[in-house]
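Chain by chain, the residues:
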Amino acid sequence: MPELPEVEVTRRSFAERIRGARVLSAAMGKPLRWPLGIEPGMLAGRTVREVGRRGKYLLLWMDEGVLLIHLGMSGSLNFSSQLPPLGAHDHFDLVTSAGTLRLHDPRRFGAVVWAESEHADPARKLLAGLGMEPLGEDFDAARFHAGLKLRRAPIKQVLLAGDVVVGVGNIYASEVLFLAGIRPTVRASRLSRIRTDRLHAAIREVLARAVERGGSTLRDFSNAFGETGHFQLEAAVYGRAAQPCGRCGTPIRLIRQGQRSTFFCPECQA
């Protein structure tokens with residue numbers, strides 16, 4: 001599943017190319033998770049001003065309105081001036097003067113949604129419950145600590161929920177907790193300010209490094225130009241069950257939390 005680093009990598013791969021481009025046409029394939037909310041033909045003539053991101057949503061701000069794109073569980077975007085006709089798993093084309101932006105999603109859990117602004121429905125409803133951006137200036141350590149103090153669930157589950165901080169998905173939650181030396185089963189409200197500060201720094205470090213490495217490609221993720229990520233090759237614990245910890249040599253453990261795989265070192269993480 002594409003997580004925040006993969007979405008940010010995707011954004012960076014085409015944002016500059018599509019900025020200022022004029023929309024020539026748009027086409028929908030099979031229905032996605034939510035309706036587009038506008039007739040595709042009505043997008044023609046608009047200009048793409050900027051490409052942003054909020055959590056796992058890409059936001060294409062135009063001179064009129066905003067287009068929200070979510071990659072779902074298996075989606076990816078392609079951007080090219082030469083794409084073949086829409087295939088069975090291609091569900092949205094935005095044809096612009098700079099090239100075509102295409103959503104490819106075999107499982108169809110992705111979404112393309114139109115709103116008059118990010119503060120108008122349906123964008124407002126989709127974005128309202130998101131926590132702080134971990135790579136942004138508003139990711140405040142004191143607010144992070146205060147948010148965790150209100151949560152009695154295990155810290156890994158709280159990170160995945162996304163209402164305190166967004167984008168720390170399953171792969172990266174295991175990695176940041178290892179770097180911070182925190183066991184994934186510890187109740188979030190029990191973390192001291194010192195340990196929370198370590199976790200805050202680890203989130204920034206791991207996600208920034210993942211973006212630099214192009215994200216993680218476990219199955220079929222690639223950016224808008226077909227380039228795969230490499231972060232998974234340097235993961236400290238994720239996907240390394242029973243292998244020795246790189247710090248202490250203790251075998252990495254695998255447990256299930258909320259039907260998701262969690263990897264940790266029982267010696268380094270207390």
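Residues take numbers from 1 onward in each chain, read along the sequence in its written order. pLDDT decides what is reported in this predicted model: residues at 70 or higher carry local features, side-chain atom pairs at 80 or more are listed and counted, and totals for whole chains, interfaces and linings draw on all residues regardless. Heavy atoms throughout the structure, all of them, feed into the side-chain values; hydrogens and water do not.

Asker: Looking at this model, I keep getting lost on the overall build of the protein chain. Mind explaining?
Answerer: Strands are runs of DSSP state E lasting at least two residues, helices are runs of H or I lasting at least four, and both sets are numbered from the N terminus onward. Each helix and strand counted, the protein chain has six helices and ten strands in total. Here the C-alpha atoms of the protein chain give a radius of gyration of 20 Å, agreeing with the 18 Å that 2.2 N^0.38 yields for 270 residues. For every residue, the accessible area obtained with a 1.4 Å probe (protein chains only) is divided by the maximum for its type, and the residue is called buried under 20%, exposed over 50%, and partly exposed between those limits. A burial count over the protein chain gives 51% of its 270 residues as buried. In the protein chain, 64% of the contacts between residues at least 6 apart in sequence involve partners at least 24 apart. Charge counting follows a simple rule: Lys and Arg are positive, Asp and Glu are negative, and His as well as the terminal groups are ignored. Here the site of a charge means atom NZ of a Lys, CZ of an Arg, CG of an Asp or CD of a Glu. Across the protein chain, 37 positive and 27 negative side-chain charges occur, with their mean positions spaced 8 Å apart. This radius of gyration counts C-alpha atoms alone. The globule rule is 2.2 Å times how many residues there are, raised to the power 0.38. We call two residues in contact when some of their heavy atoms are within 4.5 Å.

Asker: Honestly, the environment of D63 in this entry has me stumped. Any pointers?
Answerer: Here D63 is to be found in the loop between strand 3 (57-62) and strand 4 (66-70). Each C-alpha atom, one on D63 and one on R49, is 6.4 Å from the other, the two residues being 14 residues apart in sequence. Residues in contact with D63, not counting those within four places in the same chain, are R46, T47 and R49.

Asker: Would you take a moment to explain the confidence of the model for the protein chain for this structure?
Answerer: The predicted coordinates ought not to be read in detail in places where the model reports low pLDDT. For the protein chain, the average pLDDT comes to 92, and 94% of its residues sit at 70 or higher. pLDDT is a residue-level measure of predictor confidence that goes from 0 to 100. Taken element by element, the predicted model of the protein chain shows its lowest mean pLDDT in helix 1 (residues 4-18) (92) and its highest in helix 3 (residues 141-149) (98).

Asker: Any chance you could explain the pattern of salt bridges here in plain terms?
Answerer: When their charged atoms lie close together, side chains carrying opposite charge are able to pair. When a carboxyl oxygen of Asp or Glu lies within 4 Å of a side-chain nitrogen of Lys or Arg, that pair is called a salt bridge. By the definition in use, this model includes 16 salt bridges. For R53, the salt bridge identified is with E8, shortest N-O distance 2.9 Å. Pair noted here: R53 is in strand 2 (residues 48-54) and E8 is in helix 1, with a separation of 45 residues, a long-range link. Exposure class is identical for R53 and E8. Each is buried. Across the salt bridge formed by R19 and E50, the nearest N and O atoms sit 2.5 Å from each other. On the criterion of sequence distance, the pair formed by R19 in the loop between helix 1 and strand 1 (23-28) and E50 in strand 2 is long-range, its members being 31 residues apart. Linked by salt bridges that have partners in common, E8, R11, R12, R53, R54 and E133 make up one network.

Asker: How should I be thinking about the environment of M28 in this particular structure?
Answerer: By the secondary structure assignment, M28 is in strand 1. On the basis of relative accessible area, M28 is assigned to the partly exposed category, the value being 28%. Put simply, M28 and F92 are 64 residues apart on the chain and 4.6 Å apart in space, counted from C-alpha to C-alpha. Dropping the residues within four chain positions of it, M28 is found in contact with L36, P40, H91 and F92.

Asker: Teacher, can you tell me more about the side chain of E133 here?
Answerer: If you trace the backbone, E133 turns up in the loop between helix 2 (123-127) and helix 3. A distance of 3.0 Å separates the side chain of E133 from the side chain of R54, its partner in a polar contact. By the criterion applied in these results, polar contacts are pairs of N or O atoms within 3.5 Å in which, for protein atoms, one can donate a hydrogen and the other can accept it, and in which residues neighboring in sequence qualify only through two side-chain atoms. Polar side-chain contacts of E133 include one of 2.6 Å to the backbone nitrogen of G55. The residues touching E133, leaving out its near neighbours within four places in the chain, are L4, R53, R54, G55, D138, F139 and V166.

Asker: Whenever I open this one, the packing of helix 3 against helix 6 (residues 193-212) confuses me. Can you help?
Answerer: To characterise two packed helices, one gives the angle between the axes of the helices and the distance between these axes. Where helix 3 contacts helix 6, the axes come no closer than 9 Å and their chain directions differ by 115 degrees. Helix 3 and helix 6 meet at a crossing whose hand is right-handed. Residues A141, A142, F144, H145 and L148 of helix 3 form the contact with helix 6, whose own contacting residues are R193, T196, D197, L199, H200 and I203. In the scheme used here, Gly and all other residues not listed as nonpolar or charged are polar, with Ala, Val, Leu, Ile, Met, Phe, Trp, Tyr, Cys and Pro taken as nonpolar and Asp, Glu, Lys and Arg as charged. A class-by-class count of the residues in the contact of helix 3 with helix 6 yields six nonpolar, three polar and two charged. Fitted lines through C-alpha atoms serve as axes, helices being fitted only where they are in contact, and the angles separating the N-to-C directions of these axes extend from 0 to 180 degrees. In this scheme the handedness of a crossing depends on how the near helix is turned from the far one: anticlockwise by less than a right angle means left-handed, clockwise means right-handed.

Asker: How should I be thinking about the sheet that holds strand 1 in this particular structure?
Answerer: Adjacent strands of a sheet form backbone hydrogen bonds with each other and so pair up, either parallel or antiparallel. If you trace the four strands from one edge of the open sheet to the other, you get 1-6-7-5, paired in antiparallel fashion. With partners counted over all chains shown, the strands left at the sheet margins are strand 1 and strand 5 (76-80), one partner each. Direction aside, neighbouring strands of the sheet carry axes that sit 15 degrees apart on average. Lying on the sheet, helix 1 is in contact with strand 5, strand 6 (90-96) and strand 7 (99-104); it crosses strand 5 at an angle near 30 degrees. If DSSP finds at least two bridges between two strands, the strands pair.

Asker: I would appreciate a short explanation of helix 1 in the present structure.
Answerer: Note: α-helices contain 3.6 residues per turn, so residues at a spacing of three or four share the same orientation. An expected span of 1.5 Å times one less than the residue number is assigned to each helix. Between the first and last C-alpha of helix 1 there are 21 Å, a value that for 15 residues agrees with the 21 Å anticipated at 1.5 Å per step. At R12, helix 1 shows its largest bend, some 30 degrees. Residues of helix 1 that are buried include every one of L4, P5, E6, V7, E8, V9, T10, R11, S13, F14, A15 and I18, and no others. To get the bend at a given residue, fit one axis to the seven residues ending there, fit another to the seven starting there, and take the angle between those axes.

Asker: It is not clear to me how helix 5 (residues 170-180) should be interpreted in this structure. Could you clarify?
Answerer: The buried fraction of helix 5 amounts to ten of the eleven residues, a majority that puts the element mostly inside the structure. Among the residues making up helix 5, those that are buried are N170, I171, Y172, A173, S174, E175, V176, L177, F178 and A180. The first or second residue beyond helix 5 is G181, which carries a positive phi of 75 degrees.

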